[in-house]
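Next come the chains, spelled out residue by residue.
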Amino acid sequence: TTVDVEPEFPHSVTNESGYGMRVSVSGRGTVTAPGIKCGGLSGTLSDCANFFDPKTVVVLKASAPKNGQFLGWNFFCKGTNPKCTVFVSTSTIVGARFRL
């Protein structure tokens, strides 16, 4: 049995540049979007977040390592397509799950 709990992401996470988007990666894999490269063997937590203007369309791409598998998205993205499109209208969190 798998239980997904959606964390509360405060709508007040904004700056002059727009709304915050945060990416969470479970397992070995990488998620990229403009200004975001989350996961992999290097990087920091700041690599997993960026700010976007309201009404911006952001395309996130999930990449599994060699012999790995992308299992799917959670939170603001759904399904198993390795590409997810988000229309920015509030602060968001996107999760990606991978397996070796």
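Heads up: the structure comes first, above all this text.
In this text the structure is predicted, and so the values were computed from the model without any measurement.

Calculation notes
- Residues numbered from 1 in each chain as written.
- Predicted model: local features only at pLDDT ≥ 70, side-chain atom pairs only at ≥ 80, totals over all residues.
- Heavy atoms only, no water.
- Core = buried A, V, L, I, M, F, W, Y, C linked by side-chain atoms within 4.5 Å.
- Buried < 20%, exposed > 50% of the residue type's maximum accessible area, 1.4 Å probe, protein only.
- Helix = DSSP H or I, 4+ residues; strand = E, 2+ residues; numbered from the N terminus.
- Contact = heavy atoms within 4.5 Å.
- Pairing = 2+ DSSP bridges.
- Axes fitted to C-alpha atoms, helices over the stretch in contact; angles between N-to-C directions.
- Disulfide = S-S within 2.5 Å.

A. Focus on the nonpolar core. M21, V31, I36, V58, L60, W73 and C77 are the most contacted members of the largest nonpolar core, which totals 20 residues. Residue assignment for this core shows that the elements contributing at least two residues are β2 (18-26), β3 (30-33), β4 (36-39), β6 (57-63), β7 (69-75), β8 (83-87) and β9 (92-99). In contact with C77, other than residues within four places in its own chain, are L60, C84, V86 and V94.

B. Representation of the sheet that holds β3 within the structure. With antiparallel pairing, 4 strands are arranged side by side in an open sheet as β4-β3-β6-β8. Unpaired on one side and paired on the other, β4 and β8 mark the two borders of the sheet. If you compare each strand with its neighbour and ignore which way they point, the axes differ by 20° on average. Sheet analysis places β3 next to β6, joined by 3 bridges and oriented antiparallel. Bridge pairing in β6 links T32 to K61.

C. Broad picture of the state of the cysteines. Overall, the coordinates contain 2 disulfides when judged by the stated rule. The disulfide that involves C38 links it to C48, with 2.0 Å between the sulfurs. Taking the sign of the S-S torsion, 85° for the link of C38 and C48, the bridge is right-handed. Taken together, the residues C38 in strand β4 and C48 in the loop between β4 and β5 (49-52) connect sequence positions 10 residues apart.

Note that every value here comes from positions in space, so none of it alone points to a role or purpose.
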